[in-house]
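Results of the structural survey
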Amino acid sequence: MAENKLKGHLGLCRRAGKMSLGHDAAVTQIKKRKAFLAVCCKDSSERLIAEIRDECNFNGRNIKFITADITSEEIYFYIGVKSKVFTVDDKGFADMLISDLTGGIE
């Protein structure tokens, strides 16, 4: 059930145009302070995870960062784009996905 919910929410966020996929797009949105949530997949490299986490916390940005328990293959299955990092650029979608990805524990 939770997997279907996550799949639906990711797809809805993508179709609404509130998701930036890939390293360059994610870093750009973080630097512009337009991202509300940054997510790295569990198969991301330690270097990528550290870079995105540091960007989220640099200069008082305080953008929520999650290393999700999903792989880039699952992201590809859910939304049709293979990416190891993405940002959510809408507060409502970000809150919804934080709840899905953390199991309701924030």
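**Focus: unusual backbone geometry**
The phi dihedral of Arg 33 falls on the positive side, at around 60°, and the residue is not glycine. By the secondary structure assignment, Arg 33 is in the loop between α2 (23–31) and β2 (37–40). Even without glycine at this site, Asn 62 takes up a positive phi of about 50°. Mapping Asn 62 onto the fold places it in the loop between α3 (46–57) and β3 (64–67).

**Structural notes on the side chain of Thr 87**
For Thr 87, the location among the structural elements is in strand β4 (residues 85–88). On the basis of relative accessible area, Thr 87 is assigned to the buried category, the value being 0%. At 3.1 Å, the side chain of Thr 87 forms a polar contact with the side chain of Asp 89. Filtering out sequence-adjacent residues up to four positions away, Thr 87 remains in contact with Lys 18, Met 19, Ser 20, Ala 26, Gln 29, Ile 30, Ala 35, Leu 37 and Ala 38.

Scoring rules and cut-offs
Residues numbered from 1 in each chain as written. Predicted model: local features only at pLDDT ≥ 70, side-chain atom pairs only at ≥ 80, totals over all residues. Heavy atoms only, no water. Helix = DSSP H or I, 4+ residues; strand = E, 2+ residues; numbered from the N terminus. Buried < 20%, exposed > 50% of the residue type's maximum accessible area, 1.4 Å probe, protein only. Polar contact = N/O pair within 3.5 Å; in protein donor to acceptor, adjacent residues only side chain to side chain. Contact = heavy atoms within 4.5 Å.

Nothing here speaks to function; it is geometry throughout.
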